[in-house]
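# Structural description and commentary
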Amino acid sequence: MKKPRVIGIFDSGVGGLTVMKEILEQLLDVRIVYFGDTARVPYGNRSREELIRFGEEIVTFLIGQGAEVIVVACNSSSATALPILRERFDVPMIGMVEPGARLAVEKTIAGRIGLIATETTVRSKAYSSAVSRALAKGSLPEDLVLREAWQQGEQPISLIKAQGCPLFVPLIEAGLANSVEARGIAQTYLAPLHAEGVDTLILGCTHYPFLEPVLREILGEDVLIVDPALAVVKELEILLQHLDEWEQSGLIGSPSPSVRGKKQWRARYYVSGDPELFRQVGNTLLQEPIDHVEQVILGE
Ligand code: DGL
């Protein structure tokens with residue numbers, strides 16, 4: 001029987017669990033080692049240099065735990081540190097931004113894409129470039145009217161408004177995603193996107209799906225919410241198929257049985273901060289309960 005592959009996932013905190021949830025639901029044959037850098041959350045106002053350093057420490061840890069693929073389940077790190085991490089490590093890595101931008105291009109019906117994200121992700125302009133790149137590489141909207149209008153140069157498709165939402169992550173990490181405070185702040189952040197007539201909104205931070213009911217209530221049914229996690233899972237599935245093919249054809253070696261482990265397990269959780277808070281907030285999202293979280297101190 002085929003051994004499950006080990007996927008390493010990391011984020012600044014509980015946000016990456018929204019990506020992990022999709023992976024666990026859709027890919028049955030994987031095991032996950034999750035790292036939440038909760039002692040250093042939020043990442044959303046960190047510099048690129050800091051995020052590269054944190055990423056290096058975490059990827060090294062995850063590889064030590066047997067990870068064969070890394071999912072950078074943090075948009076702030078994907079938008080800034082990922083190209084450098086890819087250069088420095090041999091293990092294949094998937095980020096949030098390229099898959100998320102592609103999905104938005106496919107789903108928009110008016111070509112007016114909006115983004116909510118951390119200040120770091122907004123400042124990087126990574127999503128705006130990724131939308132243009134997706135179109136240049138051949139991604140097309142599924143909506144045939146828009147597709148034709150775009151192909152004839154009559155209707156642009158682009159990211160027209162990016163809104164930084166610095167207060168969301170601290171609220172979510174504190175378990176307040178469904179609070180009056182979250183609702184009020186969301187109203188303020190979403191108003192400029194509404195004013196611009198955005199038809200498709202990218203959740204450009206992995207924490208934000210925790211807020212989806214609140215966002216949906218404010219946006220109504222007319223705006224499509226795009227969660228990049230769905231596209232990340234597809235990309236991961238394709239990558240895992242390639243790894244199997246390369247392993248079978250001898251292009252890459254298979255990990256030793258001791259690395260993949262003999263004992264049955266589905267997910268392991270590590271955090272740099274308070275394990276109990278992570279467990280409590282994480283359990284509000286995942287179907288499979290988080291029963292054990294271990295604290296690991298990285299860096300100095
Ligand atoms: N969830 C992360 C992201 O997708 C980090 C948010 C933060 O820590 O500020 O950007």
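Our subject is the structure that appears above.
Residues numbered from 1 in each chain as written. Predicted model: local features only at pLDDT ≥ 70, side-chain atom pairs only at ≥ 80, totals over all residues. Heavy atoms only, no water.

Our focus in this paragraph is the layout of surface pockets. When its volume is computed, the largest pocket comes out at roughly 290 Å³. Along the wall of the largest pocket there are 18 residues; nearest its centre are Leu82, Arg86, Val97, Glu98 and Arg133. For the lining of the largest pocket, the secondary structure elements donating two or more residues are helix H3 (75-80), helix H4 (82-88), helix H5 (97-107) and helix H7 (126-136). Broken down by class, the residue content of the lining of the largest pocket amounts to 9 nonpolar, 3 polar and 6 charged. (1 Å grid on protein atoms, 1.4 Å probe; cavity = no way out; pocket = protein on both sides within 12 Å on 5 of 7 lines; lining within 4 Å. Points joined across faces, edges and corners; volume = space filled by probe spheres on them. Helix = DSSP H or I, 4+ residues; strand = E, 2+ residues; numbered from the N terminus. Nonpolar A, V, L, I, M, F, W, Y, C, P; charged D, E, K, R; others polar.)

Time to look at the pattern of salt bridges. All chains considered together, the criterion is met by 14 salt bridges. Between glutamate 56 and arginine 88 there is a salt bridge; the shortest N-O distance is 2.4 Å. Residue glutamate 56 is found in helix H2 (residues 48-64), and its partner arginine 88 is found in helix H4; the two are separated by 32 residues along the sequence. Residue glutamate 56 is classed as partly exposed on the basis of its relative accessible area, which comes to 23%. Beyond isolated ion pairs, a larger network of salt bridges with shared partners links Arg5, Glu68, Asp244 and Glu247. (Salt bridge = Lys/Arg side-chain N within 4 Å of Asp/Glu carboxyl O. Buried < 20%, exposed > 50% of the residue type's maximum accessible area, 1.4 Å probe, protein only.)

For the pair H5 and H7, interaxial distance at closest approach is 8 Å and the crossing angle is 60°. As far as their axial angle goes, H7 and H5 are oblique. In terms of crossing hand, the pair formed by H5 and H7 is right-handed. Across the interface between the two elements, Val97, Glu98, Gly100, Ala101, Arg102 and Val105 of H5 pack against Ala126, Tyr127, Ala130, Val131, Arg133, Ala134 and Leu135 of H7. (Axes fitted to C-alpha atoms, helices over the stretch in contact; angles between N-to-C directions. Parallel < 35°, antiparallel > 145°, perpendicular 65-115°, else oblique. Left-handed = near helix turned anticlockwise from the far one by under 90°. Contact = heavy atoms within 4.5 Å.)

In this section: the side chain of threonine 121. Mapped onto the secondary structure, threonine 121 falls in helix H6 (residues 119-124). When sequence neighbours within four positions are dropped, the list of residues in contact with threonine 121 reads Asn75, Ser76, Ala79, Ala126, Tyr127 and Gly204.

What follows deals with the site of the ligand. Around the ligand sit 14 residues, and of these Ser12, Tyr43, Asn75, Ser76 and His207 come closest. For the ligand, an oxygen atom lies 2.7 Å from a polar atom in the side chain of serine 76. Contact between the ligand and threonine 206: a nitrogen atom at 2.8 Å from a side-chain N or O atom of the residue. With respect to the pocket detection grid, the ligand is positioned in the largest cavity. Split by residue class, the shell around the ligand holds 6 nonpolar, 7 polar and 1 charged. (Near = heavy atom within 4 Å. Polar contact = N/O pair within 3.5 Å; in protein donor to acceptor, adjacent residues only side chain to side chain. Sits in = over half its atoms within 2 Å of the grid points.)

The strands making up a sheet associate through hydrogen bonds between their backbones, and the pairing can be parallel or antiparallel. The parallel open sheet is built from 4 strands, whose spatial order is S6-S5-S7-S8. Of all the strands in the sheet, the pair left with one neighbour each is strand S6 (158-164) and strand S8 (224-226). The sheet shows a mean angle of 25° between the axes of neighbouring strands, direction not considered. Summarising the sheet, strand S7 (residues 200-204) and S8 pair through 3 bridges and their orientation is parallel. Note on S8: the bridge partner recorded for threonine 200 is leucine 224. (Pairing = 2+ DSSP bridges.)

What follows concerns empty space enclosed by the protein. Per the counting criterion, the structure on display carries 2 cavities of 30 Å³ or more. Here the largest cavity defines a volume of roughly 80 Å³. Along the walls of the largest cavity sit 14 residues, with Ser12, Cys74, Ser76, Thr118 and Cys205 positioned nearest its centre. The residue makeup of the lining of the largest cavity, split by class, is 5 nonpolar, 8 polar and 1 charged. Computed from the structure, the second largest cavity encloses a volume of approximately 40 Å³. Its residues assigned to classes, the lining of the second largest cavity shows 5 nonpolar, 1 polar and no charged.

Ranked by internal contacts, the top residues of the largest apolar core, which has 76 residues, are Leu17, Ile23, Ile116 and Phe168. Among the elements that take part in this core, helix H12 (residues 228-248) stands out by supplying 7 residues, more than any other. Leave out the neighbours within four places in its chain, and isoleucine 116 touches Gln163, Cys165, Phe168, Leu190, Leu193, Leu201, Ile202, Leu203, Gly204, Cys205, Tyr208 and Leu215. Residues Tyr43, Ile58, Ile70 and Phe89 belong to the second largest nonpolar core, which totals 27 residues. (Core = buried A, V, L, I, M, F, W, Y, C linked by side-chain atoms within 4.5 Å.)

The 6 strands lie next to each other as S4-S3-S1-S2-S9-S10, forming an open sheet whose pairing is parallel. Each edge of the sheet is formed by a strand with only one pairing partner; in this case those strands are strand S4 (93-94) and strand S10 (293-295). With 7 bridges connecting them, strand S1 (residues 5-11) and strand S2 (residues 30-36) associate as parallel partners. What sits directly across from aspartate 11, in S2, is glycine 36.

The side chains of a regular strand alternate between the sheet's two faces. Burial of the side chains of strand S3 (residues 69-72) extends over both faces: Val69 and Val71 are buried on one face and Ile70 and Val72 on the other. Here S1 pairs with S3 via 4 bridges, running parallel. Counted as the bridge partner of isoleucine 7 is valine 69 from S3. Summarising the sheet, S3 and S4 pair through 2 bridges and their orientation is parallel. Each bridged residue has a counterpart across the sheet, and for isoleucine 70 the counterpart in S4 is methionine 93.

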